[in-house]
Amino acid sequence: MYIPHYYKNENLEEVKKFIKENSFGILINQVDGKPWATHIPLELDIDENGKDILVSHISRANPQWKEFEKEPKVLCIFNGPHSYISSSWYKEEEVPTWDYIAVHVYGKLTILSEEAVMDSLHKLVNKHEKSSKNPISLNDMSAKTLRQVKGVVGFKIEVTDIQAAFKLSQTRPKDHAEIIKNLNKGDVTSKEIARHIKKQST
């Protein structure tokens, strides 16, 4: 990913936190010589050797998985908040732009055993059910229901590179107050960009 140096975020802990909070990503590889993308939860974890991994699964009906063993190198994209930035908010004349946060993770994919897939599904469900008023657990489900697991292909991705772009008006510090004020009049994502600009400028 092309990232101008002033937008590159090399704070690995902050980037990992972003991935965990925005874990619904895009898995990209090649299928029959064409780019193929699937939108899925990609959970950041650590393997038995202490290495960063992403864990997920896709439907067995999705032809994407049939290419995994042939070419295990994949790209995962995580998108965060984004917002249009009007140059009317600047003190000096300039073109408008767009602020955003995006992370690209490159890695090598390995298909998981059915047992490992089930373990990952327990972790995924428990993570997202913990704040539910009436949390469900896979432990309470019948064997018949859980047979659906046979319809998915689970995998882990050993992370080889992380590239993070946090474009937050870093080149216009004198305009931050006005940018933040106007973003806070907008929708939820605009307000989230305002929060990030304020955070990185303090």
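Every chain's residues receive numbers from 1 upward, in the order its sequence appears when written. Totals for whole chains, interfaces and linings use every residue, but because this is a predicted model, local features are given only for residues with pLDDT of at least 70 and side-chain atom pairs only at 80 or more, for both listing and counting. Side-chain numbers here rest on the full set of heavy atoms in the structure, without hydrogens or water.

1. Remarks on the overall build of the protein
Link 1 in the chain: For the protein, the helix and strand inventory stands at five helices and seven strands.
Link 2 in the chain: Ordering the α and β elements of the protein from the N terminus gives α-β-β-β-β-β-β-α-α-β-α-α.
Link 3 in the chain: Along the three orthogonal principal directions, the C-alpha set of the protein runs to about 65 × 45 × 30 Å.
Link 4 in the chain: Residues classed as buried in the protein amount to 44% of the 202 residues present. Elements are defined by DSSP. Helices are runs of H or I of four residues or more, strands are runs of E of two residues or more, and each kind is numbered from the N terminus. Residue burial is assigned from relative accessible area. The probe radius is 1.4 Å, only protein chains are included, and a residue is buried under 20% of its type maximum, exposed over 50%, and partly exposed in between.

2. Remarks on the nonpolar core
Link 1 in the chain: Ranked by size, the top nonpolar core spans 32 residues in total, and within it Ile19, Leu54, Phe78, Val103, Phe155 and Ile157 carry the most contacts.
Link 2 in the chain: Only α1 (12-21), β4 (52-59), β5 (73-85), β6 (97-111), β7 (152-167), α4 (176-183) and α5 (188-200) provide two or more residues apiece to this core.
Link 3 in the chain: Counting residues per element, this core draws most heavily on β7, at five residues.
Link 4 in the chain: In what follows, a contact means two residues having at least one pair of non-hydrogen atoms within 4.5 Å. The residues touching Val103, leaving out its near neighbours within four places in the chain, are Val15, Phe18, Ile19, Cys76, Ile77, Phe78, Ile162, Gln163, Ala164 and Phe166.
Link 5 in the chain: We call a set of buried residues a nonpolar core when its members are Ala, Val, Leu, Ile, Met, Phe, Trp, Tyr or Cys and they connect through side-chain atoms within 4.5 Å of each other. Ile53, Leu112, Val125 and Leu138 belong to the second largest nonpolar core, which has 10 residues in total.

3. A few points about the pairing of strand β1 (residues 24-31)
Link 1 in the chain: Should DSSP find at least two bridges between two strands, the strands are taken to pair. Examined bridge by bridge, β1 and strand β2 (residues 34-41) share eight bridges and lie antiparallel to one another. For Asn29, the partnering residue across the bridge sits in β2 and is Trp36.
Link 2 in the chain: Remark: two residues form the turn of the hairpin made by β1 and β2, two consecutive strands paired antiparallel; Asp32 in that turn has positive phi of roughly 55°.
Link 3 in the chain: Summarising the sheet, β1 and β5 pair through three bridges and their orientation is antiparallel. Within the sheet, the bridge partner assigned to Leu27 lies in β5 and is Cys76.

4. Remarks on the environment of Ile40
Link 1 in the chain: Structurally, Ile40 is set in strand β2.
Link 2 in the chain: Exposure remark for Ile40: the relative accessible area of 7% places this residue in the buried category.
Link 3 in the chain: Along the sequence, Ile40 and Ile111 sit 71 residues apart, while their C-alpha atoms lie 16 Å from each other.

5. Quick notes on the sheet that holds β7
Link 1 in the chain: The strand order across the open sheet built from seven strands is β2-β1-β5-β6-β7-β4-β3, with neighbouring strands paired in antiparallel fashion. Strands with a single pairing partner mark the edges of an open sheet, and in this sheet they are β2 and β3 (43-46). Within the sheet, the average angular offset between the axes of one strand and its neighbour, ignoring direction, is 35°. Axis lines are fitted to C-alpha atoms, over the contacting stretch for helices. Their N-to-C directions set the angle, which ranges from 0 to 180 degrees.

6. A look at the packing of aromatic side chains
Link 1 in the chain: Two aromatic rings from Phe, Tyr or Trp, using only the six-membered ring of Trp, form a pair when their centres are within 6.5 Å; if the ring planes differ by under 30 degrees the pair is stacked, by over 60 it is edge-to-face, and anything between is tilted. All chains considered together, the criterion is met by four aromatic pairs.
Link 2 in the chain: Each ring, one from Tyr84 and one from Trp98, has its centre 5.8 Å from the other, and the planes form 70°; the classification is edge-to-face. Within this pair, whereas Tyr84 is found in strand β5, its partner Trp98 is found in strand β6, the two being separated by 14 residues in sequence.
Link 3 in the chain: Among the residues examined, Trp98 registers a relative accessible area of 42% and is labelled partly exposed.
Link 4 in the chain: One cation-aromatic arrangement involves Arg60 over Trp65; the distance from NZ or CZ to the ring centre is 5.3 Å. Two conditions define a charge sitting above a ring: the NZ of Lys or the CZ of Arg must be within 6 Å of the ring centre, and it must be within 35 degrees of the ring normal.

7. A word on the pairing of β5
Consecutive side chains along a regular strand alternate between the two faces of the sheet.
Link 1 in the chain: Across 11 bridges, β5 lies against β6 in antiparallel orientation. Residue pairing for β6: Ile85 is matched across the bridge by Thr97.

8. Brief notes about the side chain of Asp175
Link 1 in the chain: With respect to the secondary-structure elements, Asp175 resides in the loop between β7 and α4.
Link 2 in the chain: Among all residues touching Asp175, those that are not within four sequence positions of it are Trp89, Tyr90 and Lys91.

9. Observations regarding α1
Link 1 in the chain: Within the sequence span of α1, burial applies to Val15, Lys16, Phe18 and Ile19. Seen end-on, α1 carries its buried residues on one side only, within an arc spanning 155°. For α1, exposure combined with an orientation more than 90 degrees from the buried face picks out Glu13 and Glu21.
Link 2 in the chain: Residues of α1 that are buried sit in contact with β3, β4, β5, β6 and β7. Arc definition: it is the arc formed by the directions from the helix axis to the C-beta atoms.

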